[in-house]
Amino acid sequence: MKTHAIIPIFIPHLGCPNDCVFCNQKKITARLAPPSRESMTDTIDQYLKTISGRGIETVEIAFYGGSFTGLPIDLQREYLSAAKAYKDRGLIHKIHLSTRPDYISDEILTNLKQYGTDIVELGVQSFDEEVLRRSNRGHDRASVYTASALIRDYGFELGLQLMIGLPGDTYEKSVASAREAVKIAPSIARLYPTVIIKDTALYDMYLRGEYEPFSLEETVR
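Residues numbered from 1 in each chain as written. Predicted model: local features only at pLDDT ≥ 70, side-chain atom pairs only at ≥ 80, totals over all residues. Heavy atoms only, no water.

**Q** Can you break down the pattern of salt bridges residue by residue, with the values?
**A** On inspection of all chains with the given rule, the structure shows 12 salt bridges. Between Asp118 and Lys87 there is a salt bridge; the shortest N-O distance is 2.8 Å. Taken together, the positions of Asp118 in the loop between α4 (106–114) and β4 (119–125) and Lys87 in helix α3 (residues 73–88) put the pair 31 residues apart, joining distant regions of the chain. The class for Asp118 is buried, based on a relative accessible area of 18%. With a shortest N-O distance of 2.7 Å, Glu130 and Lys173 are connected by a salt bridge. Highlighted residues: Glu130 in helix α5 (residues 129–134) and Lys173 in helix α7 (residues 171–184), separated in sequence by 43 residues. One salt-bridge network, in which partners are shared between bridges, spans Asp128, Glu130, Arg134 and Lys173. (Salt bridge = Lys/Arg side-chain N within 4 Å of Asp/Glu carboxyl O. Helix = DSSP H or I, 4+ residues; strand = E, 2+ residues; numbered from the N terminus. Buried < 20%, exposed > 50% of the residue type's maximum accessible area, 1.4 Å probe, protein only.)

**Q** Could you give an account of a negative patch on the surface, with specific residues and numbers?
**A** Among the surface-exposed residues, Glu38, Asp42, Asp45 and Glu78 lie close enough to one another that they form a single negatively charged patch. No other element matches the three residues that helix α2 (residues 37–51) contributes to the negative patch. Secondary-structure assignment places Glu78 in helix α3. Exposure remark for Glu78: the relative accessible area of 33% places this residue in the partly exposed category. (Patch = residues over 30% accessible without salt bridge, like charges linked within 9 Å, V, L, I, M, F, W, Y side chains within 5 Å. Areas by Shrake-Rupley, 256 points an atom, 1.4 Å probe, with all protein chains shown as cover. Lys, Arg positive; Asp, Glu negative; His and termini not counted. Charge placed at Lys NZ, Arg CZ, Asp CG, Glu CD.)

Below, the structure written as structure tokens:
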């Protein structure tokens, strides 16, 4: 029986300082504008109705799409205060968000703590500097270690996300990145295969023959 439910709130491409080669968040989330507080609470209320009576023990509100801590601080507070109201009433149990390693600081984490945030996931993608550069990530591997330590120091659950098969990636580099993630020992780890989406730099690179994706067999391996 399923005992864990996630209520997703999509914030398409908000808070991201640059366009990673693989990213078109507007297409991924199929939304063009950020949610208002009213639409956010409507979404939560609808999900809670479907969850009720199903034996769900843990309910999370999770912010997906953009880099949450890159949002203007007032908008972060608006979203977080809405989520915290449900947590304070015991209707949800955790607040969960994703962001970039270079958008973590004492000020940011203090604000998240104030609003009862529980889980902070970092979009790491790779620990290889060449892969990060060719993917236009805009941060280096050192920022991952710094951000991970700081998140832990503040008592949050830490999540790390890795993406397999980005430009410049190899089997060996993917395994090395996984080993680095294991050393950090996050509470949550996610492995994503690289998917080519239209209207992205990666799609253009593929058409020009500058990028060859991993095969299904390579990705599974």
